[in-house]
Amino acid sequence: MNLLVIEDDDETGQFIKNGLVQAGHKVDLTDNGQDGLYLATTGDFDLIVIDRMLPLVDGLTIVRTLRASDNRIPIVVLSALGEIDHRVAGLNAGADDYLVKPFAFSELEARVGALLRRVAPEGPETLLRVGDLEMNLITRKVGRNGKSIDLQPREFRLLEYLMRHAGQVLTRTMLLEHVWDYHFDPQTNVIDVHVSRLRSKIDKGFEAQLLHTVRGAGYKLASL
Amino acid sequence: MTRTTTFRLTLSYSLIFAVSLGLLAFYFYWSTIGLVLRETDEILYSETQVLSEVYRKRGIDWLAKSLSVRAKVNRKMLYQFSTLDNRPLSGNLRMWPSVSPSEEGWVEFDYMLPGTEDYVPARGRVYPLPDGVQLLVARNIEEITQIKKVFNRSLQVGLGLTMLFALVGGIFMSRRVLRRVSEFTVSTGQIVDGRLGERLTSRETGDEFDVLARHVNEMLDRLETLVGAVRHVSDNIAHDLRTPLTRLRNRIETAALGAPDLVKRELEASVADADELLRTFSSLLKIARIESGSYKPSFERIDFAPLIFDAADLYQGLAHEKGLVLMTDCDPIIFIHGDRNLLFQALSNLVDNAIKYSPEGGAVSLIGRRDGDHAEVIVTDVGNGIPENEWENVLERFSRLDQSRSLPGSGLGLSVVNAVVKAHEGQLIFEDNNPGLKAVVKFSLVR
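Quick look at the structure, then.

Below, the discussion takes up the overall build of chain A. Along the backbone of chain A there are eight helices and twelve strands. Counting across all 224 residues of chain A, residues that qualify as buried make up 52%. In chain A, of all internal contacts separated by at least 6 residues, the share reaching a separation of at least 24 is 57%. Put simply, chain A shows about 10100 Å² of open surface, and 48% of that area lies on carbon and sulfur atoms.

The structure is reproduced here in structure tokens:
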């Protein structure tokens, strides 16, 4: 995928670029808002990562300009300003995701992955399938290899989110934000318990493991 | 109302008005009507003196002649002399007044104006003469009495009108002043609530309120700059310390990818340590931001019950894994004014602590209640609790009880809870759960 990174801090920019290139993307990097806006409007990109505070043209201005011209390209805003109102301002400007600096690269990679996936036409899916695991979104039944699996409502939402983003690393923060819908910092990795319970329901007794732990990053649902 | 400054101001202004009008009226009276009356008295006095001399030296016939001559010259003057039992002897009054004179002989009475049937007022002096006669010299004071009446009426009306104007003006001014003051009160209230951008309105009239507003605004500008500087410093901490730490973490993470198993395990442990440090940093910054009022703009009316059930749902698994029972319950429809993410953070920290400090097989409860006009959250555990003398201390940053030093944690959990509760103008109260700790959080309900 073609990505554009607009980041004025040289080291951070290089770090993001290297990471995304390693993840298999083609990355253009620019260090000011003016060039960034020019590239964003003229180039053919699949996703843009924008630092919020940029020289010449402010990050949120770029987002607003793009949205004003009906450009629906996925945008991740990076910022050292982490309060809720800043986050809300970022999302209101039209950003798809907002990541507070400093961040673990795996967090950015996971969010970029999720956004790129979202662009692919999803359609009104009624059946999700990962390997031999199936989820019917209408009847809300889950089964694997013909064997029915009983899930609590929250486990269902967790699995649905994992299945919709199958093959991608999802961080604990992303799971909290999307499955529980709260932005907060848990004192302990409370999510792990939920994932391991889910794992015991969908993977126990099966040869192939579907729900993988990605060390230092998060979780991934995939059939290898 | 009667205690307000403006009421008192109105009252004292009205009084000052009235007193000064009174003084003015007195001076006016003294220098006009008073003067005429004093002159009258002097004339009466000297006339009686002169006439008594005439009587003493020339006898009663001369006196009678003098009286009739004088009465012809000045028609305003009245003369009469009589016996001591008031039987008239001679004079142009033709009668003796029925009013008895004062000790000095002054008397005021009405008499019938000759040739008419009108009674008019007169003022006179009775002077006893030798040989059983007495003399009365009087003067028609009809005009001055009329003037006095007009003066009195004018004074009454004037005083009434003045008081009325003073009161109405006072009330009007009070209203104006009160309005400015209550505008100021609203604005400053908002500023106290953390909205530092709020300013007092200035009307460009240059009055005292304008000057006050300008000064307060200047003060606020400086304060805002200072607060901004403090925030800037904390942003710098975020940037200057967290950024290199994250970079370090990311480098270690990258290095771990290709490392042999033994090294990998160590590196991954280092990443976890760095994450712990970063978490401490973000907690510290979060507390600072909450305390500076940064979250206030995102406050809204929220239903508390879903937060309780979501927190219980989130921690149910963790409790179960530790062999604990997590009980939860919540009254329906508890609305409070706040930030749902912050409140959830507080609930999560409390429940997390309760689970962390509970012995295996214990019970933890998370209850939401409606108590009068308060929403109450009660989190209990059956662990070792916190000694009563430590209840205040545990809210301090980085404070940890000796017994909990071996457990993971930054010592900021309860500080975050405390900051959140304060930001919501709530109360955090600890009680002994016998055994264990009971944490009660109270918030004001909103409709």
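Moving on, there is more to tell.
With that out of the way, let us pick up the nonpolar core. Residues Leu-159 and Leu-221 of chain A are the most contacted members of the largest nonpolar core, which totals 87 residues. Per-element tally for this core: the top contributor is helix α7 (residues 304–321) of chain B, with ten residues. Filtering out sequence-adjacent residues up to four positions away, Leu-221 of chain A remains in contact with Val-130, Leu-133, Leu-159, Leu-162, Met-163, Ala-166, Gly-167, Gln-168, Ile-202, Leu-210 and Leu-211 of chain A.

Residues and elements named next belong to chain B. In this structure, strand β10 (residues 374–380) lies alongside strand β12 (residues 437–444), joined through seven bridges in antiparallel fashion. For Thr-380, the partnering residue across the bridge sits in β12 and is Lys-438. Where strand β11 (residues 427–432) and β12 come together, six bridges link them in antiparallel fashion. Residue pairing in the sheet places Phe-430 in a bridge with Ala-439 of β12. The hairpin turn running from β11 into β12, its antiparallel successor, is four residues long, and Asn-434 in that turn takes a positive phi close to 45 degrees.

Attention now goes to the interface of chain A and chain B. In this assembly, 36 residues from chain A lie in contact with 40 residues from chain B. For the pair chain A and chain B, the two sides together bury roughly 3300 Å², of which 49% comes from carbon and sulfur. The largest contributions to the chain A side of the interface with chain B come from Pro-102, Tyr-182 and Gln-187 of chain A, which together make up 22% of the buried area. Put simply, chain A and chain B have seven salt bridges between them.

What follows deals with the packing of helix α7 (residues 172–180) of chain A against helix α8 (residues 190–202) of chain A. Residue and element names in this part refer to chain A. Between α7 and α8, whose axes approach to 10 Å, the crossing angle comes to 75 degrees. Judged by the angle between their axes, α7 and α8 are roughly perpendicular. Judged by residue contacts, Arg-172, Leu-175, Leu-176 and Trp-180 of α7 engage Ile-191, Asp-192, His-194 and Val-195 from α8. For the contact of α7 with α8, the class distribution of residues is five nonpolar, one polar and two charged.

Applying the stated criterion across every chain yields a total of 32 salt bridges over all chains. Members of the salt-bridge network, linked through shared partners, are Asp-9 and Glu-11 of chain A together with Arg-247 and Arg-251 of chain B.

To continue, consider helix α6 (residues 261–291) of chain B. Across its 31 residues, α6 of chain B extends 45 Å between first and last C-alpha, which sits within 8% of the 45 Å expected from 1.5 Å per residue. Within two residues after α6 of chain B, Gly-293 of chain B carries a phi angle of roughly 85 degrees, on the positive side.

So, on to a negative patch on the surface. All names here are of chain A. There is a patch of like negative charges on the surface, built from Asp-8, Asp-10, Asp-31 and Asp-35. Along the chain, Asp-35 falls in helix α2 (residues 33–42). Judged by its relative accessible area of 39%, Asp-35 is partly exposed.

Time to look at the side chain of Ser-79 of chain A. Residue and element names in this part refer to chain A. The residue Ser-79 is located in strand β4 (residues 75–79) in this model. There is a polar contact of 3.3 Å between the side chain of Ser-79 and the side chain of Tyr-98. Apart from residues no more than four positions distant in its own chain, Ser-79 is found in contact with Asp-51, Arg-52, Tyr-98, Leu-99, Val-100 and Lys-101.

This part is about the environment of Glu-396 of chain B. Residues and elements named next belong to chain B. Mapped onto the secondary structure, Glu-396 falls in the loop between β10 and α9 (413–423). As for Glu-396 and Leu-412, which are separated by 16 residues in sequence, their C-alpha atoms are 7.8 Å apart. With near-sequence residues (within four places) excluded, Glu-396 lies in contact with Gly-411 and Ser-415.

Attention now goes to the sheet that holds strand β10 (residues 170–171) of chain A. Residue and element names in this part refer to chain A. Ordered in space as β10-β12-β11, the three strands form an open sheet in which the pairing is antiparallel. Of all strands in the sheet, those with a lone pairing partner are β10 and β11 (211–214), marking the two edges. Of the strand pairs in this sheet, β11 and strand β12 (residues 218–221) are connected by four bridges, and their pairing is antiparallel. Among the inter-strand pairings, Thr-213 is bridged to a residue of β12, identified as Tyr-219. The sheet contacts of α8 involve β11 and β12, and relative to β11 the element is tilted by about 150 degrees.

Attention shifts here to α7 of chain A. Those residues of α7 of chain A that fall on the buried side of the exposure criterion are Met-174, Leu-175, Leu-176, Glu-177, Val-179 and Trp-180 of chain A. Directly after α7 of chain A, the chain includes Asp-181 of chain A, whose backbone phi takes a positive value near 65 degrees.

Take the sheet that holds strand β1 (residues 77–83) of chain B next. Residue and element names in this part refer to chain B. Taken in spatial order, the five strands of this open sheet run β2-β1-β5-β4-β3, and their pairing is antiparallel. This sheet does not close on itself; its edge strands, each paired only once, are β2 (88–91) and β3 (106–112). Each strand of the sheet is rotated relative to its neighbour by a mean of 30 degrees, with strand direction disregarded. Where β1 lies against β2, three bridges are found, and the strand directions are antiparallel. Bridge assignment links Ser-82 to a residue of β2, and that residue is Pro-88. Running over the sheet, helix α3 (residues 60–73) touches β1, β2, β4 (119–129) and β5 (133–140) and is turned about 155 degrees from β1.

Residue and element names in this part refer to chain A. As enumerated under the stated definition, the model contains seven aromatic pairs over all chains in all. Ring geometry for Phe-15 and Phe-105: centres 5.7 Å apart, planes at 70 degrees, overall edge-to-face. In this pair, Phe-15 sits in helix α1 (residues 10–22) while Phe-105 sits in helix α5 (residues 105–119), placing the two residues 90 residues apart along the sequence. According to the relative accessible area criterion, Phe-15 is partly exposed, its value standing at 26%. The exposure class assigned to Phe-105 is buried, which follows from its relative accessible area of 11%.

Here we take up the packing of α8 of chain A against α7 of chain B. Between α8 of chain A and α7 of chain B, the least distance of the axes is 8 Å, while the angle of their chain directions is 80 degrees. Considered as vectors, α8 of chain A and α7 of chain B are oriented roughly perpendicular to each other. The residues of α7 of chain B that touch α8 of chain A, namely those facing Val-190, Ile-191, Val-193, His-194 and Arg-197 of chain A, are Asp-313, Leu-314, Tyr-315, Gly-317, Leu-318, His-320 and Glu-321 of chain B. Class assignment for the residues of the contact of α8 of chain A with α7 of chain B results in six nonpolar, three polar and three charged.

Quick notes on the rules
- Residues numbered from 1 in each chain as written.
- Chains lettered and ligands numbered in written order.
- Predicted model: local features only at pLDDT ≥ 70, side-chain atom pairs only at ≥ 80, totals over all residues.
- Heavy atoms only, no water.
- Helix = DSSP H or I, 4+ residues; strand = E, 2+ residues; numbered from the N terminus.
- Buried < 20%, exposed > 50% of the residue type's maximum accessible area, 1.4 Å probe, protein only.
- Contact = heavy atoms within 4.5 Å.
- Areas by Shrake-Rupley, 256 points an atom, 1.4 Å probe, with all protein chains shown as cover.
- Core = buried A, V, L, I, M, F, W, Y, C linked by side-chain atoms within 4.5 Å.
- Pairing = 2+ DSSP bridges.
- Buried area = accessible area lost by both parts, 1.4 Å probe.
- Salt bridge = Lys/Arg side-chain N within 4 Å of Asp/Glu carboxyl O.
- Axes fitted to C-alpha atoms, helices over the stretch in contact; angles between N-to-C directions.
- Parallel < 35°, antiparallel > 145°, perpendicular 65-115°, else oblique.
- Nonpolar A, V, L, I, M, F, W, Y, C, P; charged D, E, K, R; others polar.
- Expected span 1.5 Å × (residues − 1).
- Patch = residues over 30% accessible without salt bridge, like charges linked within 9 Å, V, L, I, M, F, W, Y side chains within 5 Å.
- Lys, Arg positive; Asp, Glu negative; His and termini not counted.
- Charge placed at Lys NZ, Arg CZ, Asp CG, Glu CD.
- Polar contact = N/O pair within 3.5 Å; in protein donor to acceptor, adjacent residues only side chain to side chain.
- Phe/Tyr/Trp six-rings, centres within 6.5 Å; stacked < 30°, edge-to-face > 60°.

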